[in-house]
Amino acid sequence: MDRTVLLGLIGEGIAASRTPRMHETEGDVHGIRTLYRTLDVTAPRRREASLAELLTAARLTGFDGLNITHPFKQQVLELLDEVDPGAATIGSVNTVVIAEDGTTTGHNTDVTGFARGFAEGLENARTERVVQIGAGGAGRAVAFALSSLGVGELVIADTSAERAEALAADIGSGVRAISTDVLGPAIVSADGIVNATPVGMAAFPGTPFDTDLLEADKWVADVVYFPLETQLLKEARAKGCRTLDGSGMAVNQAVDAFELFTGVRASATRMRATFLSFGA
Ligand code: NAD
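Residues numbered from 1 in each chain as written. Predicted model: local features only at pLDDT ≥ 70, side-chain atom pairs only at ≥ 80, totals over all residues. Heavy atoms only, no water.

Undergrad: Before we go on, may I ask you to explain the packing of aromatic side chains in this structure?
TA: Both the distance between ring centres and the angle between the ring planes are used here to describe each pair of aromatic rings. Applying the stated criterion across every chain yields a total of three aromatic pairs. Ring centres of Phe-114 and Phe-118 lie 5.9 Å apart, and the angle between their planes is 35 degrees; this geometry places the pair in the tilted category. Taken as a pair, Phe-114 and Phe-118 lie in helix 4 (residues 109-121) at a separation of four residues, close to a single helical turn. Phe-118 carries the same exposure label as Phe-114, and that label is buried. Put simply, the rings of Phe-114, Phe-118 and Trp-219 touch in pairs and so form one group of aromatic residues. (Phe/Tyr/Trp six-rings, centres within 6.5 Å; stacked < 30°, edge-to-face > 60°. Helix = DSSP H or I, 4+ residues; strand = E, 2+ residues; numbered from the N terminus. Buried < 20%, exposed > 50% of the residue type's maximum accessible area, 1.4 Å probe, protein only.)

Spelled out as structure tokens, the structure:
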């Protein structure tokens, strides 16, 4: 191996992230020695560190790239030298490329990652009318991705009406926010539903809506990937619905980030195998 790349992930509570292993394994296959470190702000040695300090430290110590996760995806924009137009429109960056001269450029591969995961996992799904629940960090990327895929009408609900309205306004045409009070009728008339809330994770058990509203002709996607088999997806499958779990977005965002970091196209199949090797 004659090339080494040093990468990192900045975020909170990321010790169990599967992203480092996906990049390191893929790098090995391409003959690129890939070192990927988690820079967890909750680790004792970083408790006093700000995002700006971590970014500077990474630049000075020779990192070639960073992934940025919760809660820094919005905050990081103002600290970067350049932001690509797509990420600037969304107002969220999950990938930072650090050039040889230290210049930092932000990108958003959550959007492209969700879009490709969706196109592959729910091929030919009807998307005349889609309901999305959750307008937080992941929800913003999902809504921009769905919009880029040509969804007819995208309806967004969030317990924070303000957040749903702001996201709908940022995307504009073909997207509107609704109150969670009218989620039921919206689901009944939808082709498909995306959960972009944390509901379904161990810490937030349950489903984000009553699954009795589902019929077999609807598809259901979930961004939660821990666990992969959420209660929502399990109940949707039992109703005969096509489903898409959160691994598509998680794997494909890494595929696109790897290419930005190294200039080499990664294999989604191999990265998925690494992702799944951690268990469901
Ligand atoms: P977040 O806190 O930024 O946003 C969650 C949003 O959901 C908030 O706006 C909140 O008000 C809303 N919400 C919560 N419960 C709700 C409910 N019952 N009904 C309506 N709205 C509700 O969180 P996030 O960073 O967007 O993460 C959400 C989930 O997505 C997490 O489980 C996270 O692990 C997952 N995620 C997955 C990927 C992936 O690649 N698959 C990427 C990022 C995040």
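Now, onward.
Undergrad: When you look at the UniProt feature "domain: SDH C-terminal" (unreviewed entry) in the protein chain in this model, what are you seeing that I'm missing?
TA: Within this structure's numbering, the places UniProt gives as "domain: SDH C-terminal" (unreviewed entry) are residues 246-273. Helix makes up 79% of residues 246-273 and strand 0%, and the two end C-alpha atoms of the span are 14 Å apart. (UniProt positions renumbered as here; feature names shortened; annotations may be inferred.)

Undergrad: What am I meant to see in the sheet that holds strand 6 (residues 104-107) here?
TA: In sheet architecture, strand pairing relies on hydrogen bonds along the backbone and comes in two forms, parallel and antiparallel. Spatial ordering of the open sheet is given by 2-1-3-5-6-4, a layout of six strands whose pairing is mixed. Whereas interior strands pair on both sides, the edge strands pair on one side only; in this sheet they are strand 2 (32-40) and strand 4 (82-83). Where strand 5 (residues 95-98) meets strand 6, four bridges bridge the pair, whose relative direction is antiparallel. Across the sheet, residue Val-96 finds its bridge partner in strand 6, namely Gly-106. Across the sheet, helix 1 (residues 19-29) touches strand 1 (3-11), strand 2 and strand 3 (65-68), and the angle it forms with strand 2 is around 170 degrees. (Pairing = 2+ DSSP bridges. Contact = heavy atoms within 4.5 Å. Axes fitted to C-alpha atoms, helices over the stretch in contact; angles between N-to-C directions.)

Undergrad: What exactly am I supposed to notice about the UniProt feature "binding site: shikimate" (unreviewed entry) in the protein chain here?
TA: In this structure's numbering, the residues bearing the UniProt feature "binding site: shikimate" (unreviewed entry) are Ser-17, Arg-18, Thr-19, Thr-69, Asn-94, Asp-110, Tyr-225 and Gln-253. Position of Ser-17 among the secondary structure elements: in the loop between strand 1 and helix 1. If you trace the backbone, Thr-69 turns up in the loop between strand 3 and strand 4. Leave out the neighbours within four places in its chain, and Thr-69 touches Leu-9, Ile-10, Gly-11 and Ile-14.

Undergrad: What is the right way to read the site of the ligand from this model?
TA: Taken together, 19 residues are adjacent to the ligand, and Ala-138, Asp-158, Arg-163, Met-201 and Val-223 come closest. With respect to the ligand, the backbone of Ala-138 contributes an N or O atom lying 2.8 Å from an oxygen atom. One nitrogen or oxygen atom from the side chain of Asp-158 is found 2.6 Å from an oxygen atom belonging to the ligand. Taken together, the elements giving at least two residues each to the shell around the ligand come down to helix 5 (137-148) and helix 9 (247-262). Along the lines of polarity and charge, the residues of the shell around the ligand split into eleven nonpolar, six polar and two charged. (Near = heavy atom within 4 Å. Polar contact = N/O pair within 3.5 Å; in protein donor to acceptor, adjacent residues only side chain to side chain. Nonpolar A, V, L, I, M, F, W, Y, C, P; charged D, E, K, R; others polar.)

Undergrad: Please clarify how the domain arrangement of the protein chain should be interpreted in this entry.
TA: Bring the parts together and some accessible area is lost; that lost area is often taken as the interface size. When cut into domains, the protein chain gives domain 1 (4-107 + 248-277) and domain 2 (111-244). Averaged C-alpha coordinates put domain 1 and domain 2 at centres separated by 26 Å. The interface of domain 1 with domain 2 comprises 14 residues on the first partner and 16 residues on the second. Summed over both sides, the interface of domain 1 with domain 2 buries roughly 1,200 Å², with 64% coming from carbon and sulfur. Considering only the surface of domain 1 that becomes buried against domain 2, Ile-90, Met-249 and Asn-252 emerge as the three largest contributors, covering 48% of it. Between Arg-116 and Asp-256 there is a salt bridge, with the nearest N and O atoms lying 2.9 Å from each other. Residue assignment for the side of domain 1 that touches domain 2 shows that the elements contributing at least two residues are helix 3 (85-90), helix 9 and helix 10 (268-276). In terms of residue count, helix 9 provides more of the side of domain 1 that touches domain 2 than any other element does, seven residues in total. Classifying every residue of the side of domain 1 that touches domain 2 gives six nonpolar, five polar and three charged. (Domains from an automatic or database assignment. Buried area = accessible area lost by both parts, 1.4 Å probe. Salt bridge = Lys/Arg side-chain N within 4 Å of Asp/Glu carboxyl O.)

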